[in-house]
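Report on the structure
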Amino acid sequence: MPEFLSSIPDSPLTTFTILLLVILTIPPIFERIKLPGLVGLLFAGVVFGSDGLGLLDYKSESMSLLADIGKIYLMFVAGLEIDLEDFRKNKNRSLFFGFSTFFVPLVFGTALGLAFNMGLNASILIGSLLASHTLLGYPIVNRLGVAGNEAVVITIGATIFTDIGALLVLAICLSIYGGDFTLASLILQLSSLAIYCAIVLYGFDRAGKEYFRRTGDEESNQFLFVLLAVFLASVGAQLINVDQIVGAFLAGLAVNDVVGNGPVKEKIEFVGSTLFIPCFFVSIGLILKISDFATIFSQDLWLTLGIVITLFLSKFIASLIPKVLFGYSWDQCLTMWSLSLPQVAATLAATLAGVNAGVLSPSVFNGVIVMMLITSVSGPILTSKFARNLFQSEVDTNLIENSNSRSLQLSNNYQHSFINEQYRTVIVSIANPQTEKSLVEMACILAGNETGLVIPLSIVKAHVHMDEPELDCAFHNSNQLINRALQYSKQFSVSVKPIIRIDDDLAEGISRTAKENKGSLIVMGWSPTSTIQARLFGNLIDNVFWSSHCPVAVVKMLDEPTHLRKILVPVKKIDLKTLNAIALGCILAESNQGTITLLHVYDRHLSKNNIENFKNALHLGVQQIAPKTSVTIKTLRYSDPAEAIIHTAHKQNFDLVILRSIRRRTAGGLAVSDVTTEIIKSLTRSVIIFGEPH
């Protein structure tokens, strides 16, 4: 074995190949044993490091470069993930909780450092490490349907304050450690920092919006612009003697509004979460030494315990303050506490910067790593436990609003789909002769009666020269598709307006046609995301979801649309998008004289009173949007929502299942699996995936 390892060439290419192998194989193994994937990457770093196989060297030029890029990318994504709109709505309380959850851990952490004789500068830096937090629990509150709860919103907003505050303290502490600290230098540092923040936050924001406006749909150039902004901000931070992660985080905040939730953001997060951020976590594992962990349990045990206990206690006290002042419930208080516990992004990057600068000792670094491992596992678990209890207050709010008005306050954009109970103009994208009939029939049913309009759309891929034979052949195929679409639509009482369009981008051609013709719904056929290209750049369906101005219904038919009489709609929470999906099912049920069943899957933690409140609120909403439709509300206690939906659909012989398309990513760069993806793979029933415009 040693001979084989020594024969492996020591080159940047070998390092990169080993990293790709680790990133591809290790995280899924750890997730199967119910541990976070990032823990697996840290473990892999230890195994492949100097205390293990010795195949990766943290000090090598290639490893150092990838680790730096990953660290910058991690902080950038952390800034990019913060919802600025939610922050603006609750900015005062967010700032208050941000100050609370920053200042209390800062004081406790400083006291801990002084107790271990670390000096004031290092002690303050330790306190700042405990002050920030990473929102690893956000996907959980979103899945439980309580992301809009005020306690959750202000915790998300507080992340801005805590992360920036922690990074600023880091910058000042490193400057003090450099030995050139004076009052004048502090004022100069803060002044240059203020000017730098203004340039990044406002300058990059305005420049980005102008660049995106001028480049239109050139996603590749926009992607490169965002990357340039990140690394330019990081280099600029170093020029004013501030750590590069400060610039990366500020750049994330600056371009937050620019990229929105569009395809550019998806590509940015994909590249980061797939490659660079995992490289950073592996590099952290390379720094760890097995001998150091032995030291933790012998010499540094009390310091490590002190760091972990101080974090848990100080974050709890910080969450208790807004509970008392703002009258929050214990469930809200504990949810805020659990959400602010995980220490991954800013903490890890700042700790590494402090150790590299010599301010912090290896003992502190090892203690922080243990704290990160504990909080990254316990934080999401505690969030899942406490956030479930917020479900009650969310449902009660819906009941109060509906009881007072007996109607849902719907935005003007959605009035047509609820009140008229149909989609006026339906764009149906046709490309495959085998699925064309079911798509056209589905579009005709959804369009309703004589007042409805169906637009069969065939996109011809543009060529540089308009006289090329391939273009003529594509036109001929499109004409055949259009003629068949006209035949299929004759049995329905709807107006039909076929369109053949030349466009260099299929997704943009579909969404542009929908916008030009004031479409209210786009109907498309299902195509799985299986190729490497589709996973990297998104498939046609993904891109239409991102770019469309109106809802999109992706159809996978195993039977004719006129035979769909038993319809199942899983319901996670009561909101406008859920009611839109229910309305779609009601249109199909009424057209085919069928029935619709709403399925809510819950776990054992919810009480019977919670479930009854949810059913009552859902019943009120359904009565408003579809008073004539036969609707059954079914609740089912099950630990796995996907398995429950599949089991119900097969056991009760439903003809169609309508699912919502939801995709999220965490600030730690780990993709959150969508229940929809899991269901599609196993369900042998017709499916409609209903997606809202971003």
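Only a predicted model underlies this, so the values are computations on that prediction, with no experimental measurement involved. (Residues numbered from 1 in each chain as written. Predicted model: local features only at pLDDT ≥ 70, side-chain atom pairs only at ≥ 80, totals over all residues. Heavy atoms only, no water.)

With respect to the overall build of the chain
Filter applied, for reference: Counting from the N terminus, the helices are DSSP H or I runs at least four residues long and the strands are E runs at least two residues long. Using a 1.4 Å probe on the protein chains alone, a residue whose accessible area is under 20% of its type maximum counts as buried, one over 50% counts as exposed, and one in between counts as partly exposed. The contact definition used throughout considers only heavy atoms, calling two residues in contact when any of these lie within 4.5 Å. Values of accessible area rely on a 1.4 Å probe in the Shrake-Rupley scheme; residue burial ignores everything except the protein chains shown.
For the chain, the count of helices and strands is 30 helices and 13 strands. For the chain, the proportion of its 694 residues judged to be buried stands at 55%. Taking all contacts inside the chain whose residues are at least 6 apart in sequence as the whole, residues at least 24 apart take part in 81%. Of the roughly 30300 Å² of accessible surface on the chain, 59% is carried by carbon and sulfur atoms.

Here we look at the packing of aromatic side chains
Put simply, the rule is: Stacked, tilted and edge-to-face are the three classes applied to pairs of Phe, Tyr and Trp rings, where Trp contributes its six-membered ring and a pair requires centres within 6.5 Å; stacked means planes under 30 degrees apart, edge-to-face means over 60, and tilted covers the rest.
Under the definition given, this model contains 7 aromatic pairs. Residues Phe316 and Trp337 carry aromatic rings whose centres are separated by 5.9 Å and whose planes lie at 85 degrees to one another, so their mutual orientation is edge-to-face. One end of the pair, Phe316, is in helix H16 (residues 301-326); the other, Trp337, is in helix H17 (residues 330-339), and 21 residues separate them in sequence. Classification of Trp337 by relative accessible area gives buried; the value is 13%. Ring pairs connect the aromatic residues Phe312, Phe316, Trp337 and Phe386, which therefore count as one cluster.

Considering the pattern of salt bridges
For clarity, the cut-off: Every case where a carboxyl oxygen of Asp or Glu lies within 4 Å of a side-chain nitrogen of Lys or Arg is listed as a salt bridge.
For the structure on display, the rule yields 5 salt bridges. Salt-bridge contacts for Glu441 lead to Lys437; the nearest nitrogen and oxygen are separated by 2.6 Å. With Glu441 and Lys437 both in helix H22 (residues 433-447), this residue pair falls 4 residues apart, about one helical turn. Residue Glu441 is classed as buried on the basis of its relative accessible area, which comes to 2%. Relative accessible area serves as the criterion here: at 31%, Lys437 is assigned to the partly exposed category. Ionic contacts of the salt-bridge type, sharing partners, join the residues Arg501, Asp503, Arg512 and Glu516 into one network.

Brief notes about the packing of helix H11 (residues 219-239) against helix H12 (residues 244-254)
Working note: a packed helix pair is described by the angle between its axes plus the distance between those axes. How we decide: Structural elements are reduced to axes, namely lines fitted to C-alpha atoms, with helices fitted over the stretch in contact, and the angle between N-to-C directions of any two is expressed from 0 to 180 degrees. These descriptions rest on fixed angle ranges, namely under 35 degrees for roughly parallel, over 145 for roughly antiparallel, 65 to 115 for roughly perpendicular, and the rest for oblique. Crossing handedness: left-handed means the near helix sits turned counterclockwise from the far one by under a right angle, and right-handed means the same turn made clockwise. All amino acids are sorted into three groups, where Ala, Val, Leu, Ile, Met, Phe, Trp, Tyr, Cys and Pro are nonpolar, Asp, Glu, Lys and Arg are charged, and the leftover types, Gly among them, are polar.
Interhelical geometry of H11 versus H12 gives an angle of 140 degrees and a closest axis separation of 7 Å. Accordingly, the angle class assigned to the pair H11 and H12 is oblique. As H11 packs across H12, the resulting crossing turns out to be right-handed. Contact residues: H11 offers Ala229, Val230, Ala233, Ser234, Ala237 and Gln238, while H12 offers Gln244, Gly247, Ala248 and Ala251. In terms of residue class, the contact of H11 with H12 is built from 6 nonpolar, 4 polar and no charged.

A few points about helix H29 (residues 641-651)
Within H29, the full set of buried residues consists of Ala642, Ala644, Ile645, Ile646, Thr648 and Ala649. Asn653 sits one or two residues past H29 and shows a positive phi near 55 degrees.

Quick word on the pairing of strand S6 (residues 552-556)
To keep things clear, this is the line we draw: Any two strands with at least two DSSP-identified bridges between them are counted as paired.
Counting buried positions over the 5 residues of S6 gives 4, a clear majority of the element. Summarising the sheet, strand S5 (residues 521-525) and S6 pair through 4 bridges and their orientation is parallel. In the sheet register, Gly525 faces S6, and the bridge partner there is Val555. With 5 bridges connecting them, S6 and strand S13 (residues 686-691) associate as antiparallel partners.

What about unusual backbone geometry?
Residues other than glycine seldom take positive phi values, yet Asn117 does so here, at roughly 55 degrees. By the element assignment, Asn117 lies in the loop between helix H6 (91-115) and helix H7 (120-131). Using a relative accessible area of 71% as the deciding quantity, one classes Asn117 as exposed. Positive phi outside glycine occurs at Asn653, with the angle close to 55 degrees.

Some words on a nonpolar patch on the surface
The following threshold applies: Every patch collects residues that have over 30% relative accessible area and no salt bridge, joining them within 9 Å if they carry like charges and within 5 Å if they are nonpolar side chains (Val, Leu, Ile, Met, Phe, Trp, Tyr).
The grouping of Phe116, Trp302, Leu305 and Ile309 at the surface amounts to a nonpolar patch, some 440 Å² of accessible area in total. When you line up the elements, Trp302 lands in helix H16. Look at Trp302 and you get exposed, because its relative accessible area is 64%.

So, H17
Within H17, 8 of the 10 residues are buried, which leaves the element mostly enclosed by the surrounding structure. Considered for burial, the residues of H17 that qualify are Gln332, Cys333, Leu334, Thr335, Met336, Trp337, Ser338 and Leu339.

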